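What the coordinates show
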Amino acid sequence: MIASLVTISFAFLAAGALLAFVPSRTDATHRVTYGAFAFAGVAALFAAAWSLAAPQTLGALPMTPAFFFGIIGAGTLLASIYAVGYLPLYRDTYALPWLAAAFAVFIIGMEAVVLAPSVLLFLVSWEVMSVAAYFLVIADSSESSLHAGLVYLIMTQIGFAAIASGLLLLADGAPFATWPMVAQTASHLSPPELAIAFVLLLIGFGSKAGLVPFHQWLPHAHPQAPSHASALLSGVMLKVALFGFLVSLSFFPSIPLPLAALVIALGLLSAFFGALHAAVEDDLKRLLAWSSIENMGLIFSALGVVLAVAAMPSSPLSAAVAAGAAVFVVLHTLNHFLFKSGLFFAAGTIAAKTHTRDLDALGGLAARWPFFSGVVLALSLSAAALPPLGTFFGEWVYLQSLALGFAAPMPLAVVALVMLGTIGLVGGLSIFAFSKLFSTAFLGRARSARAENPGTLSPSLIIPPLVGAVALMGSSLLAFPLLSSIGAASARSIFSDTTIAPGAAMNAWLVSGLLVAALGIVFLGRRALVSARGVRVTGTWDCGAPLSPRMEQTATGFAAPIRFFFRAIVLARKEFIVEPVVASNPWIAERQLLWSVASFWERFFYQPISALVLRAARTMRSLQSGVVQLYLLFMLVALILVLVIAL
Amino acid sequence: MNLSSLTMLLAESAAVMLAAPLVVGTVHLVKARFQNRRGASIVQPYWALASLLRKEMTVPEHSSWVFRFVPYVVLATTIVLAVVVPSAGIGAWPAAASNIFLVAALATLGSVFLALGGMDTGSTFGNMGANREMTLVALAEPALLIVLATLAFFAGSANLDGIVAFFAAAPWRASMLMALPTLLALLLVVLAENARYPVDNPATHLELTMVHEAMVLEYSGPYLAALEYASALRLTAFGSLFMNIVFPFGIATVGTGVEMLAVGVLSLVLKLGFFALLIGSLESLLVKMRFYRMQEYFTLAFLIAFAGAVLAFAHTF
Amino acid sequence: MFSMITKILSTGSLPEPVSLHERGEEPIGKSLQAAIKTLYGGRSLRIRHVDAGSTNAEECELTALGNAYYDVERFGISFVASPRHADILTVSGPVTRNMAHALKTAYELMPSPKVVVAIGDGAITGGIWKDAYAVAGPVDAIIPVDAVIPGDPPSPGDILSGLLSIIAAARRA
């Protein structure tokens, strides 16, 4: 039964992709196509839910694939519903049938990656997914999309090469090896070989997941795709990369501590750079992409903690820390999918209705779309990991387990301390980034004519982010208590405390209850205390000089302090150019402000490498003399060298 | 008759919520006396709040529902913060209620909504205050988390009740010596979280020095009363937390005799009085720092917190 | 710092007592009466000051209200940064054409009950700038005025006792 649900999912995706090419004068084809995709998503979701709920059923997926399969299914469902209302707005920009086909192939690729039983199938599905994603990125065939797509394609091929060599190294070169066989052969490998395979796999999957320093492509590629695809790229494809890494981890008989530390370090670096760039970013969708880097970084750092604990002698304390970190990985995978896809849907809606992604040109949308702004507020609070939404509880467990790590022996305690401090800063910056996102897009006054009259929203545009927000509430009240009680000694009610170690208790219901009760008391108190003098709407206090939207704080202005404080890292540059118009009077001048931020890694990692490669190429060029005899000599030398090596 | 959780909870919540305007009044009085003025009476903030409740509300035309929603959320989160933080006694709440990270998140949630209120006015003052506030929140977060986690490490308990119980049980001089850097960092964070000197000037009329005041400029009448009360309550909550760790005396515990509750409330009043004296003196003797030097302040707070944590680790071996 | 603290301690309390003078001539208006009644007899009053075009003489005197000699805070009166926070709007100077809009908005934004006090002869009649080309008129030509404190400029003591007398009279009436 589960197997047939999976088959239905694949079949509907394929059928939808074909149906998309049926010509029709109305939206019927489009609707039917995405209806089929949505149905495929439902089937996948059901298959996953069934497998998780009843693992004994015939054909049930194992736990990890089922979890990720469910995320893919849910993502497909939401993105398809969204696409019904979203894509018709872009009829002229995109070739809708081809886009639908790329979308379907992309999802088929992701589903196949999760289900792949052997090395070759895994690699093929991975490549199908990656290449289909390339076509989603370049869908609008604009100059910037093509450039972003090219960078993406290069990075993804480097990543693919690393994954393929890593997996084949583990499988001892057997492409048809199934996972158990890979684990079997991997157990005979020497520690250096295992270490090389581990680093290769970390580079491969890390480059897909956007880990620093392989993240350069992500903030450019994800925002260029149409928003229903961006949501899947950021919300789901990154999770598939995480899945790939998790699967390959299971082949290693043991992972030495330095490698686990490497995962932690890369994770924290990614989280920091992602959060910092999200805080100073002005582009709505690119801000979300940076935040994806941050969140994947947090997940990988927690994964590193689990690996590090496994590499050390076990104790009740370390077990508690690892359990907390593992719960965070699962919860955050789910929560990040929910809020990030929800926010990408919302961003797509905003961009479609106001024709800009620039936060500086938005503003005032909360007055036009009160309900929608409430949904986005909930998603933003969730992205900032604030209570009472799901993300907070995931991070709570993580922070709590790091705080437990303070009791570990000396060097480890300091590691826990540094991690806690870094995650604190990352959390602070992401709160900054998302309060900036919400307040500059939705609050105050519109800073452009398009944002002034954005028009109305169809249900198809509102429902997917709304589902995300509601699911995040559910995630705090249900998923957190359920997940965190896995492995607990006694079955507990979801209403009771979660105790990950003595003295560290958490309770989602209590938190939500307290907040709701306090809000209720405040509302009641208002009724009782305030006389009916009423509310009078007046102008804004302008000190006598009428305010215009141009005086408002833009996203650029909002981030100015952070740009200043972290100027050495975001490479912020600000220049005020004054050119006198009249030579005799210095006050009559043309003034221009130039400012920019740049990527630390591009300047100090990629540019030196590319400069090195170019210099090497220039040196080699002197060999290219054009003299035929010289080429013959090279060939002879090469032949002799090959013979020497071979013999 | 022994103290039940419910009695304790009601008594200490009532004590903190009633005392909040008094703390602000005392701070004002201390500052006035430093200036050789007589100053307003310490009950002045009650009259101020009562007068505001009787006034009309005017709201800016370009604001949305968020502007009107903000005072409720800010007040509600602050009330939750104030009732779960140990004040007159401990043990009234389930352990999970006063978890350190929950308390930190509640404080931040209030700040975020306040900033949203400032951004929704469409006025440059509110915008500027909001962006400064969010910057301070972002920079204060690492030091705040480290301080709280270090205190939890000392106490072996991640909830504030447990932390206060630990300090109450430990020999005072030894524990203070051990926790000195952490408590200093806590004080720096408390000053920043409550918009006091040297981070913000709570009595300012100049936009150059405003953070908190700039965000509430467009609120009036009962909304303003709610926000002013929330800010007083927040100061009181952080104050009672700080004082209960620094002077962990006379704290009632659930299960002891009822007379302990009277002792607890009385000592809470004394502690808050001392805290107001401390804040008032600091504000009279310190100068406000430039906003664009805030990274130095928070780096200092972070380094002290870090040193405190390392000292704590070293102490246990 | 220590020399500052010693100085503070050796100086002691400075505020001077304020004598209220009877306000026989002008009657207390209904709206002023009602406002003070609603606001608990004026125990907590917040002032927003608008300089509508004065010579800054009134502002100098108003600034002195906060110092240690006059200490306006001991009567529960304070200055605030926004008209939305204010109960009393004090206006000085003849209202210039450029400031008329600002004055009107400030009045408009104040939540009722509100009281407008014109401070100084310029604000009350226009003073020596009366009917000048840049002057829109005295304050009551722009917004309703509830009470006045005459003088050119009134001294801080005059302003303080004026304010307190107005409040006391409104409370009694």
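Residues numbered from 1 in each chain as written. Chains lettered and ligands numbered in written order. Predicted model: local features only at pLDDT ≥ 70, side-chain atom pairs only at ≥ 80, totals over all residues. Heavy atoms only, no water.

1. Topic: the overall build of chain A
Of the regular secondary structure elements, chain A holds 25 helices and five strands. Rg of the C-alpha trace for chain A: 27 Å, near the compact-globule value of 26 Å for 647 residues, within the 12% margin. In terms of its C-alpha atoms, chain A occupies a principal-axis envelope of roughly 95 × 80 × 65 Å. Burial status across chain A gives 56% buried among its 647 residues. Accessible surface, chain A: about 25900 Å² in total, of which carbon and sulfur atoms supply 72%. Between the centroid of the 30 positive side chains of chain A and the centroid of its 23 negative side chains there is a distance of 7 Å. (Helix = DSSP H or I, 4+ residues; strand = E, 2+ residues; numbered from the N terminus. Rg over C-alpha atoms; globule rule 2.2 N^0.38 Å. Buried < 20%, exposed > 50% of the residue type's maximum accessible area, 1.4 Å probe, protein only. Areas by Shrake-Rupley, 256 points an atom, 1.4 Å probe, with all protein chains shown as cover. Lys, Arg positive; Asp, Glu negative; His and termini not counted. Charge placed at Lys NZ, Arg CZ, Asp CG, Glu CD.)

2. Some points on the overall build of chain C
A count of helices and strands for chain C gives six helices and seven strands. Counting helices and strands in the order they occur from the N terminus, chain C gives α-α-β-α-β-β-β-α-β-α-β-β-α. A compact globule built from 173 residues would reach a C-alpha radius of gyration of about 16 Å, and chain C, at 17 Å, matches this within 12%. Out of the 173 residues in chain C, the part that is buried amounts to 50%. Taking the contacts inside chain C whose residues are at least 6 apart along the sequence as the reference set, 84% of them involve residues at least 24 apart. In the form shown here, chain C has an accessible surface area of approximately 7700 Å², with 57% of it arising from carbon and sulfur atoms. Here chain C carries 15 positive and 18 negative side-chain charges, and the mean point of each set is 8 Å from the other. (Contact = heavy atoms within 4.5 Å.)

3. Details of the interface of chain B and chain A
Listed as interface residues are 77 residues of chain B and, on the opposing side, 80 residues of chain A. Here chain B and chain A share an interface that buries about 6600 Å² over both sides, 77% of which is from carbon and sulfur atoms. The interface formed by chain B and chain A includes one salt bridge. Note that Glu 56 of chain B is salt-bridged to Arg 536 of chain A, the shortest N-O span being 2.9 Å. Inspection of the region where chain B meets chain A yields 14 residue pairs in polar contact (both at pLDDT 80 or more). (Buried area = accessible area lost by both parts, 1.4 Å probe. Salt bridge = Lys/Arg side-chain N within 4 Å of Asp/Glu carboxyl O. Polar contact = N/O pair within 3.5 Å; in protein donor to acceptor, adjacent residues only side chain to side chain.)

4. Here we look at helix H1 (residues 5-34) of chain B
All names here are of chain B. With 30 residues, H1 extends 41 Å from end C-alpha to end C-alpha; this agrees with the ideal 44 Å at 1.5 Å per step. The sharpest bend along H1 reaches about 40° and sits at Ala 20, with the proline Pro 21 one to four residues further on. Two residues or fewer after H1 comes Asn 36, characterised by a positive phi angle close to 60°. (Expected span 1.5 Å × (residues − 1). Bend = angle between axes of the 7 residues up to and from the residue.)

5. Concerning the side chain of Ser 248 of chain A
Residues and elements named next belong to chain A. Residue placement: Ser 248 occurs in helix H10 (residues 227-249). In this structure Ser 248 comes out as buried when scored by relative accessible area, which is 1%. Contacts of Ser 248, omitting those with residues within four sequence positions, involve Leu 167, Leu 201 and Phe 205.

6. Considering the interface of chain A and chain C
Facing 10 residues of chain A, the contacting portion of chain C comprises 16 residues. Roughly 910 Å² is buried in total at the junction of chain A and chain C, and carbon and sulfur atoms are behind 49% of that figure. When the buried surface of chain A facing chain C is broken down by residue, Arg 533, Arg 536 and Trp 541 of chain A rank first, second and third, together holding 61% of it. Inspection of the chain A/chain C interface yields one salt bridge. For the salt bridge of Glu 108 of chain C with Arg 536 of chain A, the shortest nitrogen-to-oxygen distance reads 4.0 Å. Viewed at the interface, chain C and chain A are joined by four residue pairs in polar contact (both at pLDDT 80 or more). Classifying every residue of the side of chain A that touches chain C by side-chain character gives three nonpolar, four polar and three charged. (Nonpolar A, V, L, I, M, F, W, Y, C, P; charged D, E, K, R; others polar.)

7. Overview of the domain arrangement of chain A
With domains assigned, chain A is organised as domain 1 (254-357 + 372-525 + 554-565) and domain 2 (600-646). A straight line from the C-alpha centre of domain 1 of chain A to that of domain 2 of chain A covers 48 Å. (Domains from an automatic or database assignment.)

8. Things to note about the sheet that holds strand S2 (residues 77-79) of chain C
Residue and element names in this part refer to chain C. Pairing is parallel across the open sheet formed by five strands, whose spatial order is S2-S1-S3-S5-S7. Each of the sheet's edge strands pairs with one partner strand only, and the pair in question is S2 and strand S7 (147-149). Strand-to-strand twist in this sheet, taken as the mean axis angle between neighbours without regard to direction, amounts to 30°. The sheet contact formed by strand S1 (residues 45-51) and S2 spans three bridges and is parallel. Residue Ile 47 lies in a different strand from S2, and its bridge partner there is Phe 79. (Pairing = 2+ DSSP bridges. Axes fitted to C-alpha atoms, helices over the stretch in contact; angles between N-to-C directions.)

9. Looking at helix H1 (residues 2-11) of chain C
Taken across its 10 residues, H1 of chain C has one buried, putting it largely on the surface. At the exit of H1 of chain C stands Gly 12 of chain C, carrying a positive phi of roughly 75°.

10. Description of the pattern of salt bridges
Per the counting criterion, the structure on display carries 16 salt bridges over all chains. The shortest N-O distance in the salt bridge between Arg 37 of chain B and Glu 73 of chain C comes to 3.4 Å. Of this pair, Arg 37 of chain B sits in the loop between H1 and helix H2 (44-53) while Glu 73 of chain C sits in the loop between helix H3 (57-64) and S2, on two different chains. For Arg 37 of chain B, a relative accessible area of 8% gives the class buried. The salt bridge involving Arg 196 of chain B is made with Glu 283 of chain B; its shortest N-O contact spans 2.8 Å. Taken as a pair, Arg 196 of chain B in the loop between helix H7 (172-193) and helix H8 (212-215) and Glu 283 of chain B in helix H10 (residues 259-285) lie far apart in primary sequence, 87 residues in all. Glu 283 of chain B gets classed as buried once you look at its relative accessible area, which sits at 6%. Salt bridges sharing partners connect three or more residues here, namely Arg 536 of chain A, Glu 56 of chain B together with Glu 108 of chain C.

11. Here's the deal with the packing of aromatic side chains
Inspection of every chain in the model, using the stated rule, returns 62 aromatic pairs over all chains. A ring pair is formed by Phe 122 of chain A and Trp 179 of chain A, whose centres lie 5.5 Å apart and whose planes are at 70°; its orientation type is edge-to-face. On the criterion of sequence distance, the pair formed by Phe 122 of chain A in helix H5 (residues 119-137) and Trp 179 of chain A in helix H7 (residues 179-186) is long-range, its members being 57 residues apart. Ring pairs connect the aromatic residues Phe 272, Phe 273, Phe 566, Phe 600, Trp 601, Phe 604, Phe 605 and Tyr 606 of chain A, which therefore count as one cluster. The ring of Phe 291 of chain B carries the charged tip of Arg 132 of chain B above its face, separated from the ring centre by 5.4 Å. Cation over ring: Arg 43 of chain C sits above Trp 47 of chain B, and NZ or CZ is 4.4 Å from the ring centre. (Phe/Tyr/Trp six-rings, centres within 6.5 Å; stacked < 30°, edge-to-face > 60°. Lys NZ or Arg CZ within 6 Å of the ring centre and 35° of its normal.)

12. With respect to a nonpolar patch on the surface
Residue and element names in this part refer to chain A. Where nonpolar side chains cluster on the molecular surface, the patch consists of Met 620, Leu 623, Val 627, Leu 630, Tyr 631, Leu 633, Phe 634, Leu 636, Val 637, Ile 640, Leu 641 and Val 644 and spans about 1000 Å² of accessible area. Examining the composition of the nonpolar patch, we find that nine residues originate from one element, helix H25 (residues 628-646), more than from any other. Inspection of the secondary structure assignment puts Leu 641 in helix H25. Residue classification places Leu 641 among the partly exposed positions, given a relative accessible area of 48%. (Patch = residues over 30% accessible without salt bridge, like charges linked within 9 Å, V, L, I, M, F, W, Y side chains within 5 Å.)

13. Digging into unusual backbone geometry
Residues Pro 387 of chain A and Pro 388 of chain A are joined by a peptide bond in cis, for which omega reads 5°. Relative to the assigned elements, Pro 388 of chain A resides in the loop between helix H15 (370-383) and helix H16 (390-404). Between Asp 152 of chain C and the following residue, Pro 153 of chain C, the backbone shows a cis peptide bond with an omega angle of -5°. Tracing the backbone shows Pro 153 of chain C in the loop between S7 and helix H6 (156-172). Non-glycine residue Ser 141 of chain A carries a positive phi angle of around 45°.

14. Let's talk about the confidence of the model for chain C
Across chain C, the average pLDDT comes to 88, with 95% of residues at 70 or higher. Interface confidence for the predicted complex, expressed as ipTM, amounts to 0.96; the pTM equals 0.94. (pLDDT = per-residue confidence, 0-100.)

15. Re the packing of helix H8 (residues 191-209) of chain A against H10 of chain A
For any two helices packed against each other, the geometry comes down to the angle between their axes and how far apart the axes lie. All names here are of chain A. The interhelical angle for the contact between H8 and H10, taken along N-to-C directions, is 165°, at an axis separation of 8 Å. By the criterion of interaxial angle, the relationship of H8 to H10 is roughly antiparallel. Note that H8 runs across H10; the crossing there is left-handed. Two secondary-structure elements touch here, H8 through Phe 198, Leu 201, Leu 202, Phe 205, Lys 208 and Ala 209 and H10 through Met 237, Leu 238, Ala 241, Gly 244, Phe 245, Ser 248 and Leu 249. For the contact of H8 with H10, a count of residues per class yields 10 nonpolar, two polar and one charged. (Parallel < 35°, antiparallel > 145°, perpendicular 65-115°, else oblique. Left-handed = near helix turned anticlockwise from the far one by under 90°.)

16. Some points on the environment of Leu 276 of chain A
Residue and element names in this part refer to chain A. Relative to the helices and strands, Leu 276 is located in helix H11 (residues 257-280). Sequence separation of Leu 276 and Ile 299 is 23 residues, and the distance between their C-alpha atoms is 17 Å. In this view, Leu 276 contacts Leu 429, Ile 562, Phe 566, Ile 569 and Val 570; residues no more than four positions away in its chain are not counted.

17. Structural notes on the side chain of Ser 207 of chain A
Residue and element names in this part refer to chain A. For Ser 207, the location among the structural elements is in helix H8. A relative accessible area of 5% places Ser 207 in the buried class. At a separation of 2.8 Å, a polar atom in the side chain of Ser 207 contacts the main-chain carbonyl oxygen of Gly 204. Those residues in contact with Ser 207 that lie beyond four places of it in its chain are Met 155, Gly 159, Leu 202, Phe 214 and Trp 217.

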